[in-house]
Amino acid sequence: MKNRKKQKAEPSALGALAAAPRGMAVFAAAALVTSFPAAIIAYATPDPGSYVLPCGLCALYISSAAGGFAAYKFHGGLALLSGLFCGLAAAALSLLLSLILPLGTSPDVSAGVLLLSRLPIILLSVMGAYLASVKRKKKKKRKH
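To start, this report covers the structure provided alongside it. Remember, predicted model here, so these are calculated numbers, not experimental data. (Residues numbered from 1 in each chain as written. Predicted model: local features only at pLDDT ≥ 70, side-chain atom pairs only at ≥ 80, totals over all residues. Heavy atoms only, no water.)

Once that is clear, we can look at the overall build of the protein chain. Of the regular secondary structure elements, the protein chain holds five helices and zero strands. Roughly 10,700 Å² of accessible area belongs to the protein chain as shown, and the carbon and sulfur atoms make up 69% of that amount. (Helix = DSSP H or I, 4+ residues; strand = E, 2+ residues; numbered from the N terminus. Areas by Shrake-Rupley, 256 points an atom, 1.4 Å probe, with all protein chains shown as cover.)

Rendered as structure tokens:
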């Protein structure tokens, strides 16, 4: 019997779309994990009110990069689409939550500002997917 290698299916847009929910699960877990250190850092300062938003945004953006990274790893190809689909889903979820629970937003914020503030989520998710797609060079073993 001949040894046959398993052939991988070609990466497709549909596969990248199917990997987005898994990336979103990693995004949600990373958001949960990174929000605790962000809150600790913010509340350890003398004026925590001024640091809550920047620390929260850092946690959100780190989580979106982790979600894009995971979406690429689950799909295994097409870094741009994997990161884009996961980033769009994360931005939509963030926008939806900000509209449902507008606790920290002022009422005079325009819809354009709300949409533009979600753009880094998409960009960092795509960057996370590209980071996952980078192939490392294997180190050569030296003979002593």
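As a further point, take the nonpolar core. Counting residues in each nonpolar core, the largest one holds nine residues, listed as Met-24, Phe-27, Tyr-61, Ala-71, Cys-86, Ala-90, Ala-91, Ile-121 and Ile-122. Secondary structure elements with two or more residues in this core: helix H1 (13-43), helix H2 (48-75), helix H3 (79-100) and helix H5 (119-133). Looking at which element gives the most residues to this core, the answer is H3, with three residues. (Core = buried A, V, L, I, M, F, W, Y, C linked by side-chain atoms within 4.5 Å. Buried < 20%, exposed > 50% of the residue type's maximum accessible area, 1.4 Å probe, protein only.)

On to the packing of H3 against H5, then. Running from N to C, H3 and H5 point in directions that differ by 150 degrees, and their axes come no closer than 7 Å. Crossing of H3 over H5 shows right-handed handedness. On H5, the residues that touch Ala-79, Leu-80, Gly-83, Leu-84, Cys-86, Gly-87, Leu-88, Ala-90, Ala-91 and Ser-94 of H3 are Ile-121, Ile-122, Ser-125, Val-126, Ala-129, Tyr-130 and Ser-133. Classifying every residue of the contact of H3 with H5 by side-chain character gives 12 nonpolar, five polar and no charged. (Axes fitted to C-alpha atoms, helices over the stretch in contact; angles between N-to-C directions. Left-handed = near helix turned anticlockwise from the far one by under 90°. Contact = heavy atoms within 4.5 Å. Nonpolar A, V, L, I, M, F, W, Y, C, P; charged D, E, K, R; others polar.)

Let's shift gears to H3. The end-to-end C-alpha distance of H3, which contains 22 residues, comes to 31 Å, matching closely the 32 Å that a straight helix rising 1.5 Å per residue would cover. Listed in full, the buried residues belonging to H3 are Ala-79, Ser-82, Gly-83, Cys-86, Gly-87, Ala-90, Ala-91, Ser-94, Leu-95 and Ser-98. In the core, the buried residues of H3 are packed alongside H1, H2, helix H4 (111-116) and H5. (Expected span 1.5 Å × (residues − 1).)

Turning to its location among the elements, Ser-94 is positioned in helix H3. By relative accessible area, Ser-94 is classed as buried at 14%. When near neighbours in sequence (up to four residues on either side) are disregarded, Ser-94 contacts Leu-60, Arg-118 and Ile-121.

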